[in-house]
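A structural walkthrough
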Amino acid sequence: MSGPSDYQPQNAVLKWVERRLPIGGLIHSSFIAYPTPRNLNYWWTFGAILSMMLAVQIITGIVLAMHYTPHVDMAFKSVEGIMRDVNYGWLLRYMHSNGASMFFIAVYVHMFRGLYYGSYKEPREVLWILGVIIYLLMMATGFMGYVLPWGQMSFWGATVITNLFSAIPYVGDSIVTLLWGGYSVGNPTLNRFFSLHYLLPFVIAGVVVLHVWALHVVGQNNPAGVEPKTEKDTVPFTPYATIKDSFGMACFLIFFAWFLFYTPNFLGDPDNYVPANPGVTPAHIVPEWYYLPFYAILRSIPSKLGGVIAMFSAIIVLAFLPWLDGAKVRSARYRPLAKQFFWIFVVDCLLLGWLGAKPAEGVYVVAARILTAYYFFHFLILLPILSRVETARPVPNSIADDVLRKSGAKAVVSAVAILAVGGLALLGNVSSARAQGHEQPMPPGLSWSFAGPFGKFDQGQLQRGLKVYKEVCSACHSLNYVAFRNLADQGGPSYSEAQAEAFASEYKIKDGPNDQGDMFERPGRAADYFPAPFPNEQAARAANGGALPPDLSLMAKARGYDRGFPLFVFDLFRQFQEKGPNYIVAILTGYEDAPQGFTLPPGGNYNLYFPGHSIGMPKPLSDGQVTYDDGSPQTVQQYATDVAAFLMWTAEPKLESRKRLGLQVMLFLIILSGMLYFTKRKVWADAH
Amino acid sequence: MTTSTSAEPTRRDFLYVATGAVAAVGAVATAWPFISQMNPDASTVAAGAPIDVDLAPVAEGQAIKVFWRGKPIYIMNRSKKEVEEARAVPLSQLPDPQTDQSRVKEGHDQWLVVIGICTHLGCIPIAHQGDYDGFFCPCHGSQYDTSGRIRRGPAPANLPVPPYAFLTDTKIKIG
């Protein structure tokens, strides 16, 4: 497509460089003069969106690596340090973690677009296969990145995924040991995953260059699926595609910013805010949402090796698509049957994703098997047959003809609707998969001052909650990630620095060794962290009948529960992020007498909302236990609400600045998108 | 460049320029968090709080080294002779003229507190060495006197005095 460049620099320096390295000509022919079909729709902007997301991930990733420590004892803490102490660290980390999801959303749209319009067909086979390679690399990179925070899901995800390789006959176990660098997932594993997680994005970038190169050799496909024939069929990349892509990217950024600023943990798993524990597996191991369809395929096969083969085949089969689908007509627009089967396939994938998040039992297993069978049936049997028997409708003579006919606006709208509904069902299902399977009532939803886009902490409430923590909870529960100085931070309980210092000095902090080599106690300083009530885990267990009182710093983000359909869909729109505080209040007020027939294990206490109903902690609060100076009611309900709000602040100390910056970014992006839209219309006015 | 550039600016041009300007503002604003994150984080800033140092164990003629904000601080209990040496030097002989009195706290004339980082390229000078009984930097041979002032060598300035105050006669707060 892009022949010898006619780029002629005027500037003498540029001329000098151009004769020695024709990079200006390369850029000019690739991104300015490059002819692009004039009938491309907005699904084609996802290529640019993907490039943008790759750049976002690489840049934020490089920055996060400056603050992250890849060591099993420090990884979790260093991530919390990023969230709490690094300037804008919360923004960069949420950008990176949500950015991964956005990257996958965009790549799935991009892939389905290719499937629908037959973008994999001759002469674009290599282009398509390079895309499949990029997708595989993305999956590997995303998986290893998820391991780095070293939470419970990180650790157990790493264990489960590396164990996939143990299914290989004879050498499987040796390969797994090789991957781990030890007898189990441990520090060597974390170190090599960090190294590879840093490396692979650059490999992706390299393959993306090949992908774009191949694209520029064969030219873009288009909704009509006919090759450009004359000048009239194409427009130059700049300004036409540039401005359209820019508008698409700006709209996508609005979508991204919604998650980033308002529901940053919607797509994550609460369990990953619990530090990795090699001794306890979370009740529900669920991969990140973007792997769920393949996870469902893996689990649907009742043999270990078979499941692994099926899962990998589900991806590899894509690479053979150009030869499985032999139809000469590219675009499903002119293939009435293929079009319908395409949408059935989309639904099949979405349902597989839904099943991937469900427990592998009962009817779910049967459904997953049927859908898995259909997945392979679609590629291996349906498409080859369809390409022989289907009679296609006539395709337009040229792209220019297609533009004049201009149909399919309705199809786009319905496609968007289907994808949106399906995507939401999938997303919501992911969040619903978390805390399922226990017969316990849903914690009552309370109204919180920090809910919603303009939510702010109630400072009086945080101060009362701190008092409850100090006088009651701190007897057993640590608050390891909170420093006394944080009490004076903006968007917190708003003590003055002197008050925080005075508060700290009431504590005795172990320090040392001094010049004699002895440890000693000194009054706390603002820079110190809340001291833990027990010197180590063993001491904590010994004092609590074998149960370990968990650290409370992240409790409000580390607990969730199933809200069920369709609440979770609304949750995304109304920015519901208060499961943790609701749950904490429910636990603290949920102590009851055990019902008839319920036998409590020794040392257990009956709690309506605790999973399994038997909780080690005895009822901690009673009316009048803590004295409030501000006249608030001294009831269990009030104590529980106050301490839950306080713990929401300790878990998400930057909540207020996040929402404030979010509003500014949203307003900016909406204005920018609007301006880009009108600019795009002006630019394209000439082309229509 | 075609002839259209010489025409009157149109509404279309205005839209293009305005859109480009808004996008540019966004790009610049986006860069800020990526630059700001390089600054010391809150825990580092908090750890840089002032420290108390007990001077009682430091005998006359002795020097101790403490760390504040990752920097070595020399605290020197100078002998009478060392103080007199420092005060006898005419300012005109000094590359970076400062009186000894201005580098110590009044009433605590024997105590010299300086940041022990050579002002040349950041090495740590050795105390009680060199031709001036002060500090000698082993890297490039800079020599400081008993007041921590540069006397010879490539260093351009005296060893800086950190902010500190006497809490009691035997206790100082650095920072």
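Residues numbered from 1 in each chain as written. Chains lettered and ligands numbered in written order. Predicted model: local features only at pLDDT ≥ 70, side-chain atom pairs only at ≥ 80, totals over all residues. Heavy atoms only, no water.

**Regarding the overall build of chain B**
So the rule is basically this: The helix and strand labels rest on DSSP assignments: H or I over at least four residues marks a helix, E over at least two residues marks a strand, and numbering proceeds from the N terminus. Here the radius of gyration uses the C-alpha set of atoms, whereas the globule reference equals 2.2 Å times the residue count to the power 0.38. Contact between two residues is taken to exist if any of their heavy atoms lie within 4.5 Å; hydrogens are not considered.
Within chain B, the secondary structure is distributed over three helices and ten strands. In sequence order, the secondary structure elements of chain B are arranged as α-α-β-β-β-α-β-β-β-β-β-β-β. For 175 residues, the compact-globule estimate of 2.2 N^0.38 gives 16 Å, and chain B exceeds it by more than 25% at 26 Å. Counting only C-alpha atoms, chain B reaches 85 × 35 × 30 Å along its principal axes. If you take every contact in chain B between residues at least 6 apart in sequence, the share linking residues at least 24 apart comes to 52%.

**So, the overall build of chain A**
What counts, and what does not: For the exposure calls, accessible area comes from a 1.4 Å probe over protein chains only, and a residue counts as buried if that area is under 20% of its type's maximum, exposed if over 50%, partly exposed in between. Note on areas: these come from Shrake-Rupley sampling with a 1.4 Å probe, and a residue is covered only by the protein chains present in the view. Lys and Arg are tallied as positive, Asp and Glu as negative. Neither His nor the chain termini are counted. A charge is said to be at NZ when it belongs to Lys, at CZ for Arg, at CG for Asp and at CD for Glu.
Summing up its helical and strand segments, chain A has 25 helices and six strands in all. Against the compact-globule benchmark of 26 Å for 688 residues, chain A has a radius of gyration of 28 Å, which places it among compact chains. The buried share among the 688 residues of chain A stands at 53%. Pairs at least 24 apart in sequence give 77% of the contacts found in chain A among residues at least 6 apart. Approximately 31,100 Å² of chain A is accessible, and the part contributed by carbon and sulfur atoms is 65%. Counting 52 positive and 47 negative side-chain charges, chain A places the averaged centre of each group 11 Å from the other.

**With respect to the side chain of Lys659(A)**
Residues and elements named next belong to chain A. Using the following cut-off: A pair is scored as a salt bridge if a Lys or Arg side-chain nitrogen falls within 4 Å of a carboxyl oxygen belonging to Asp or Glu.
Here Lys659 lies in helix 25 (residues 655-685). No salt bridge is formed by the buried Lys659. Its closest oppositely charged neighbour is Glu578, at 4.8 Å. Dropping the residues within four chain positions of it, Lys659 is found in contact with Phe261, Tyr262, Phe450, Ala451, Gly452, Pro453 and Gly455.

**Description of the sheet that holds strand 2 (residues 63-68) of chain B**
All names here are of chain B. Just so we agree on the cut-off: For two strands to count as paired, DSSP must find a minimum of two bridges between them. Between N-to-C directions, angles cover 0 to 180 degrees, with each direction set by a line fitted to C-alpha atoms, over the stretch in contact for helices.
Overall, antiparallel pairing links the three strands, which are arranged 2-3-4 in an open sheet. On the outer flanks of this sheet lie strand 2 and strand 4 (111-115), each paired with one strand and no other. With strand direction ignored, the average angle separating the axes of adjacent strands in the sheet is 20°. Pairing between strand 2 and strand 3 (residues 71-77): six bridges, direction antiparallel. Following the sheet pairing, Trp68 is matched in strand 3 by Lys71.

**Side note on the sheet that holds strand 9 (residues 164-168) of chain B**
All names here are of chain B. Strand order across the open sheet formed by three strands is 1-10-9, with antiparallel pairing between neighbours. Because the sheet does not close on itself, it has two edges, and the strands there are strand 1 (51-54) and strand 9. Strand-to-strand, the axes of this sheet are offset by a mean angle of 30°, without reference to chain direction. Alignment of strand 1 against strand 10 (residues 171-174), held across four bridges, turns out to be antiparallel. In the strand pairing of strand 10, Asp54 is matched with Lys171.

**Section: unusual backbone geometry**
Residue and element names in this part refer to chain A. Pro123 follows Glu122 through a cis peptide bond whose omega is 5°. Tracing the backbone shows Pro123 in the loop between helix 5 (89-116) and helix 6 (125-147). Within the chain, Ser494 stands out as a residue other than glycine whose phi angle is a positive 60°. Following the sequence through the fold, Ser494 ends up in the loop between helix 18 (459-471) and helix 19 (497-505). The backbone of His613 sits at a positive phi, close to 70°, despite the residue not being glycine. If you trace the backbone, His613 turns up in the loop between strand 5 (605-606) and strand 6 (614-615).

**Side note on the interface of chain B and chain A**
This is how the line gets drawn: Here a polar contact means two N or O atoms within 3.5 Å. Within protein one must be a hydrogen donor candidate and the other an acceptor candidate, and residues neighboring in sequence count only if both atoms are side-chain atoms.
Counting residues at the interface gives 21 residues for chain B and 24 residues for chain A. Here chain B and chain A share zero salt bridges between them. Taken together, the connections running from chain B to chain A amount to four residue pairs in polar contact (both at pLDDT 80 or more). Elements supplying a minimum of two residues to the side of chain B that touches chain A: helix 1 (11-36) and helix 2 (42-47) of chain B. At twelve residues, the largest contribution of residues to the side of chain B that touches chain A is made by helix 1 of chain B.

**A word on the environment of Ile615(A)**
Residues and elements named next belong to chain A. Mapped onto the secondary structure, Ile615 falls in strand 6. Since its relative accessible area comes to 6%, Ile615 is described here as buried. When the C-alpha atoms of Ile615 and Pro601 are compared, they prove to be 9.5 Å apart, with 14 residues separating the residues in sequence. Not counting the four nearest positions on each side in its chain, Ile615 is found in contact with Ile587, Tyr591, Gly603, Gly604, Asn605, Asn607 and Phe610.

**Notes on the pattern of salt bridges**
In this structure the tally under the stated criterion is 27 salt bridges over all chains. A salt bridge links Asp131(B) to Arg152(B); the nearest nitrogen and oxygen atoms lie 2.9 Å apart. Taken together, the positions of Asp131(B) in the loop between strand 5 (126-127) and strand 6 (133-136) and Arg152(B) in strand 8 (residues 150-152) put the pair 21 residues apart, joining distant regions of the chain. According to the relative accessible area criterion, Arg152(B) is partly exposed, its value standing at 40%. We note a salt bridge from Arg151(B) to Asp145(B), for which the minimum N-O separation is 3.0 Å. Look at the salt bridges and you will find they share partners, linking Lys121(A), Asp325(A), Arg335(A) and Glu390(A) into a network.

**Remarks on the confidence of the model for chain A**
The test is simple: A residue's pLDDT is the predictor's confidence in that residue, given on a scale from 0 to 100.
Confidence in the prediction for chain A averages 92 pLDDT; 94% of positions are at 70 or higher. Below a pLDDT of 50 lies the segment residues 433-438 of chain A, which in the model reaches 18 contacts outside its immediate sequence neighbourhood of four places, other chains included.

**Describing the pairing of strand 9 of chain B**
Residue and element names in this part refer to chain B. Here strand 9 runs beside strand 10; their pairing, made up of four bridges, is antiparallel. Opposite Phe166, over in strand 10, you have Ile172 as the bridge partner. Where strand 9 folds back on strand 10, the antiparallel hairpin that results is connected by two residues.

**With respect to a nonpolar patch on the surface**
Residue and element names in this part refer to chain A. Rule in force here: What goes into a patch is any residue over 30% in relative accessible area without a salt bridge, connected to like charges within 9 Å or, for nonpolar side chains (Val, Leu, Ile, Met, Phe, Trp, Tyr), within 5 Å.
Nonpolar side chains collect at one region of the surface, where Val13, Trp16, Val17, Leu21, Ile23, Leu26, Ile27, Phe31 and Ile32 lie side by side and expose about 850 Å² of accessible area between them. When residues of the nonpolar patch are traced back to their parent elements, those giving at least two are helix 1 (12-20) and helix 2 (23-31). Top element by residues in the nonpolar patch is helix 2. It accounts for four residues. If you trace the backbone, Val17 turns up in helix 1. Val17 sits in the partly exposed class, given a relative accessible area of 31%.

**Some points on the nonpolar core**
Short version of the rule: Take the buried residues of types Ala, Val, Leu, Ile, Met, Phe, Trp, Tyr and Cys, join any two whose side-chain atoms come within 4.5 Å, and each joined set is a nonpolar core.
Residues Phe104(A), Tyr375(A) and Phe530(A) are the most contacted members of the largest nonpolar core, which totals 161 residues. For this core, the element with the most residues is helix 5 of chain A, which contributes 18 residues. Judged by nonpolar contacts, the second largest core, of 14 residues, contains Val53(B), Ile73(B), Ile75(B) and Ile172(B).

**Describing the state of the cysteines**
All names here are of chain B. Worth spelling out the cut-off: Here, the term disulfide refers to a pair of cysteine sulfur atoms separated by no more than 2.5 Å.
Tallying each qualifying case throughout the model produces one disulfide over all chains. Disulfide pairing places Cys123 opposite Cys139 at an S-S distance of 2.1 Å. One disulfide, between Cys123 and Cys139, carries an S-S torsion of -95° and so falls in the left-handed class. In this pair, Cys123 is assigned in the loop between strand 4 and strand 5 and Cys139 in the loop between strand 6 and strand 7 (143-145), connecting sequence segments 16 residues apart. For Cys139, a relative accessible area of 39% gives the class partly exposed. As a non-bridged cysteine, Cys137 has Cys118 as the owner of its nearest cysteine sulfur, 3.9 Å distant. What makes Cys137 buried here is its relative accessible area of 1%.

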